[in-house]
Amino acid sequence: MSQNVPYASPADTAVHGEYRITRAPGDERPLYRFTGRITADGSSGFAAEPGRYHIYAGWFCPWAQRTTIQRALNGLEDVVSVSYVDGRRDGRGWAFRETYGPDPVNGFTLLRDAYERTEPGFDGHISVPTLWDRRTGRVVSNDFRTIGIDLATQFGRWSNGADTYPEDLRAEIDALDARLGPAVNHGAGAAAGTGDVALAARALLLETFAELDARLATSRYLLGDRLTEADVRLWVTLVRYDVGPNHARAVNPGLAAYPHLWAYARDLYQRKPFTGTTDFAAFTEPGASVPDWHAPVERPLPA
Ligand SMILES: N[C@@H](CCC(=O)N[C@@H](CS)C(=O)NCC(=O)O)C(=O)O
């Protein structure tokens, strides 16, 4: 640890202000600026190797959870390390506090330090997940899609071969994501609001839930009998839905209104890569009633 005190002081917006992204007029650079890729052959400059990479995650964050689920599904727990930022934030961005422990790699107290080390003066998003490379001492990526895909595809002999982004299904996974992304993964939050935009988001969300319910009545997973990146992307939204956006049941009476979708979600929850990466306390609204995720699952479908 590079400092005696490995923790940031408590989040305090009165002192540090709210977290905001500032952008100079005319600055065309993408805000999620780090898009490095890990490759099996090292051609990208970031070779897949055990012990080299670290994921800065947040238990609260669905985008981060996708990468930690992929890490676990592909058996990479001893190959790629992970740690968690605190769930509270001020103008300094995400930080390491007693809640989830210090930064075990660099001893940074703020996630911002990792970005600053990579690009002095960095003024884009300080986001989780952030993929860090111990070898070059820099941020590789803060793009959850490609972090998860690289974990699923590039670690060859170090992985368990789960193949959660199989070549023959990639086009379908990506096409489904293009639809479920706006309708469900972003739509759930939008549906919880008020006004016309929320009403439209709610209609699209519930229509899509009904469609998924019908699909999952005859299919174990979204794309047949193989668990893929498509399931991972959807599931992190489903597990948050009734305790987050729908905690007051303002969108609909609950996920259980869609029995096949609900059974599918529980079926996944009962597996370690999903249970072990889920901390309800990190994303449950105060007073929300938590559905029974341990209720027995009946999925009379091929295993
Ligand atoms: N939008 C990101 C996903 C990551 C994300 O939005 N993470 C949130 C926490 S759940 C975060 O760290 N936000 C801070 C920021 O984007 O500045 C992406 O497309 O890769």
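Refer to the structure printed above.
Residues numbered from 1 in each chain as written. Predicted model: local features only at pLDDT ≥ 70, side-chain atom pairs only at ≥ 80, totals over all residues. Heavy atoms only, no water.

1. Concerning the sheet that holds strand S2 (residues 81–84)
Working step 1: The sheet built from four strands is open, its strands ordered S2-S1-S3-S4 with mixed pairing. Strand pairing shows two members of the sheet lacking a second neighbour, S2 and strand S4 (138–141), which therefore form its edges. Adjacent strand axes in the sheet meet at a mean angle of 35 degrees, parallel and antiparallel pairs treated alike.
Working step 2: Across three bridges, the pairing between strand S3 (residues 130–133) and S4 is antiparallel. Residue tryptophan 132 lies in a different strand from S4, and its bridge partner there is valine 139. (Pairing = 2+ DSSP bridges. Helix = DSSP H or I, 4+ residues; strand = E, 2+ residues; numbered from the N terminus. Axes fitted to C-alpha atoms, helices over the stretch in contact; angles between N-to-C directions.)

2. Here we look at the site of the ligand
Working step 1: The ligand sits among 15 residues. The nearest are Tyr19, Tyr32, Cys61, Trp94 and His125.
Working step 2: Tyrosine 32 places a polar side-chain atom, nitrogen or oxygen, 2.7 Å from an oxygen atom of the ligand.
Working step 3: The contact in question runs from an oxygen atom of the ligand to an N or O atom on the backbone of phenylalanine 144, over 3.4 Å.
Working step 4: About the coverage of the ligand: the protein hides 82% of its 490 Å² of free accessible area.
Working step 5: In terms of residue class, the shell around the ligand is built from ten nonpolar, three polar and two charged. (Near = heavy atom within 4 Å. Polar contact = N/O pair within 3.5 Å; in protein donor to acceptor, adjacent residues only side chain to side chain. Areas by Shrake-Rupley, 256 points an atom, 1.4 Å probe, with all protein chains shown as cover. Nonpolar A, V, L, I, M, F, W, Y, C, P; charged D, E, K, R; others polar.)

3. Side note on helix H9 (residues 259–269)
Working step 1: Judged by how many residues are buried, H9 sits mostly within the fold: nine of eleven residues are covered.
Working step 2: Residues Leu261, Trp262, Ala263, Tyr264, Ala265, Arg266, Asp267, Leu268 and Tyr269 constitute the buried set of H9. (Buried < 20%, exposed > 50% of the residue type's maximum accessible area, 1.4 Å probe, protein only.)

4. Here we look at the nonpolar core
Working step 1: Formed by 46 residues in total, the largest nonpolar core has its most connected members in Phe209, Leu222, Trp235 and Leu261.
Working step 2: Ranked by the residues each element gives to this core, the list is headed by helix H8 (residues 229–241), at eight residues.
Working step 3: When we break this core down by domain, the ones giving at least three residues each are domain 1 (13–158) and domain 2 (167–283).
Working step 4: Here leucine 261 is in contact with Phe209, Leu212, Asp213, Leu216, Leu234, Leu238 and Leu255, once residues within four sequence places are set aside.
Working step 5: In this structure, Phe34, Phe96, Leu131 and Phe155 belong to the second largest nonpolar core, which totals 35 residues. (Core = buried A, V, L, I, M, F, W, Y, C linked by side-chain atoms within 4.5 Å. Domains from an automatic or database assignment. Contact = heavy atoms within 4.5 Å.)

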